[in-house]
Amino acid sequence: MEDAGSPSAVSRDRRELPARRRDPLKTINALGLAGSLRVGSVNRTLLRAAVRAGEPRVRVRTFDLASVPLYNGDIEAQGDPSPVAELKEAVRDAHLVILATPEYNAGLPGVMKNAVDWVSRPPRPNAWEGRPVAVMGATPGGFGTALAQLQLRSALAHVGALVMPLPRFGVSQAHRAFAEDGSLADPATAERLEHFLGSAAAWAARLAG
Ligand SMILES: Cc1cc2nc3c(=O)[nH]c(=O)nc-3n(C[C@H](O)[C@H](O)[C@H](O)COP(=O)(O)O)c2cc1C
């Protein structure tokens, strides 16, 4: 039996939570954030694939983290810069936040952590509190960003976000995973993404009800 906690399990995990009978949200307005600024980023590509995946109930709007400055308490004391204020508002307005994270040195890259930190301010209440979140990631490596996802989950739990526990979704060998049009080339991986998005929609609906 596979150890679900092992890094290799992240891209194959198919367990999920039991469905709930009442499902009050017909359309899930989701916010998608990618933790990479690179034009050719596999995580930006994964997020675009999620936008286009065709999960009928999920409408994903993306927000580019390139405009968000590094967190600095002195800047914050003068008032949020407009990209930060817009990011916080976008998180507050979303039924669901979908995060696509790269992995750097066995952990969470600064771009994503910086976004989590800005949105966590001021701490009580902060825009993450009670917010349904789904975490995914892509890497050319073999472990599907499992370690970055763990750190991201930990930070989000700390600030009160409600991170979907299962299924987990990560794309390994991401440099070969996408077709020229940005869709996932492997039908089984594309099907896993759809399953992940469907589960994320159910997670958001369950928490809204
Ligand atoms: C500083 C640095 C550290 C990295 N460390 C890891 C790592 O620990 N695990 C991993 O899977 N990939 C690692 N990578 C490779 C990234 O997964 C790869 O650069 C990936 O394309 C980054 O995501 P992006 O394409 O969305 O920008 C690292 C890359 C950089 C620049």
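Structure report, in brief. (Residues numbered from 1 in each chain as written. Predicted model: local features only at pLDDT ≥ 70, side-chain atom pairs only at ≥ 80, totals over all residues.)

Examining the site of the ligand
Just so we agree on the cut-off: As used in this record, a residue near a molecule or strand is one whose C-beta atom, placed from the backbone, is within 6 Å of it. Here the nonpolar group is Ala, Val, Leu, Ile, Met, Phe, Trp, Tyr, Cys and Pro; Asp, Glu, Lys and Arg are the charged ones; every other residue, Gly included, is treated as polar.
Neighbouring residues of the ligand: 13 residues in total, closest Ser36, Ser41, Asn43, Pro102 and Gly141. Of the residues in the shell around the ligand, the class split is 5 nonpolar, 6 polar and 2 charged.

Looking at the pairing of strand E2 (residues 58–62)
We count it as follows: Strands were regarded as paired on the criterion that DSSP finds at least two bridges between them. The helix and strand labels rest on DSSP assignments: H or I over at least four residues marks a helix, E over at least two residues marks a strand, and numbering proceeds from the N terminus. Place the viewer so that the strands point away; then a crossover is right-handed whenever the path from the first strand over the helix to the second strand goes clockwise.
Sheet analysis places strand E1 (residues 28–34) next to E2, joined by 5 bridges and oriented parallel. Residue pairing in the sheet places leucine 31 in a bridge with arginine 61 of E2. Each parallel crossover has a hand, and for E1 linked through helix H1 (residues 42–52) to E2 it is right-handed.

What to know about helix H5 (residues 146–158)
Since the α-helix advances by 3.6 residues per turn, residues separated by three or four positions end up pointing in the same direction. What counts is decided by this rule: Each residue after the first adds 1.5 Å to the expected span of a helix. Here, residues touch in the contact sense if the C-beta positions derived from the backbone fall within 7 Å of one another.
A rise of 1.5 Å per residue sets the reference length of H5, with its 13 residues, at 18 Å; its end C-alpha atoms lie 18 Å apart and thus fit the reference within 8%. As for H5, its buried residues are in contact with strand E3 (96–101), helix H4 (110–119), strand E4 (132–138), strand E5 (162–163) and strand E6 (169–171). Trailing H5 by a residue or two, glycine 160 shows a phi angle of about 90 degrees, which is positive.

Some remarks on the nonpolar core
Under the convention used in this document: To count as a nonpolar core, a set of buried Ala, Val, Leu, Ile, Met, Phe, Trp, Tyr and Cys residues must be joined through C-beta atoms within 7 Å. Any residue whose C-beta has 12 or fewer other C-beta atoms within 10 Å is treated as exposed, any with 20 or more as buried, and any in between as partly exposed, C-beta atoms being built from the backbone.
Counting residues in hydrophobic clusters, the biggest one holds 56 residues, and the most contacted among them are Val97, Ala134 and Ala200. If you tally residues by element for this core, the top one is helix H6 (residues 187–208), at 7 residues. Not counting the four nearest positions on each side in its chain, alanine 134 is found in contact with Leu96, Ile98, Met164, Phe196, Ala200 and Trp203.

Focus on unusual backbone geometry
With an omega of -15 degrees, the peptide bond running from arginine 121 to proline 122 counts as cis. For proline 122, the location among the structural elements is in the loop between H4 and E4. One non-glycine residue, alanine 106, lies in positive phi territory at about 60 degrees. Secondary-structure assignment places alanine 106 in the loop between E3 and H4. Given 12 C-beta atoms within 10 Å, alanine 106 falls into the exposed group. Positioned with a positive phi, threonine 145 is a non-glycine residue whose angle comes to about 65 degrees.

Some words on the environment of lysine 113
Residue position: lysine 113 is located in helix H4. C-beta crowding within 10 Å serves as the criterion here: with 18 such atoms nearby, lysine 113 is assigned to the partly exposed category. Sequence separation between lysine 113 and leucine 156 is 43 residues, and the spatial gap between their C-alpha atoms is 9.6 Å.

Observations regarding H6
Here H6 is 22 residues long and its end C-alpha atoms lie 31 Å apart, about the 32 Å a rise of 1.5 Å per residue gives. Buried positions along H6 lie against E1, H1, E2, E3, E4 and E6.

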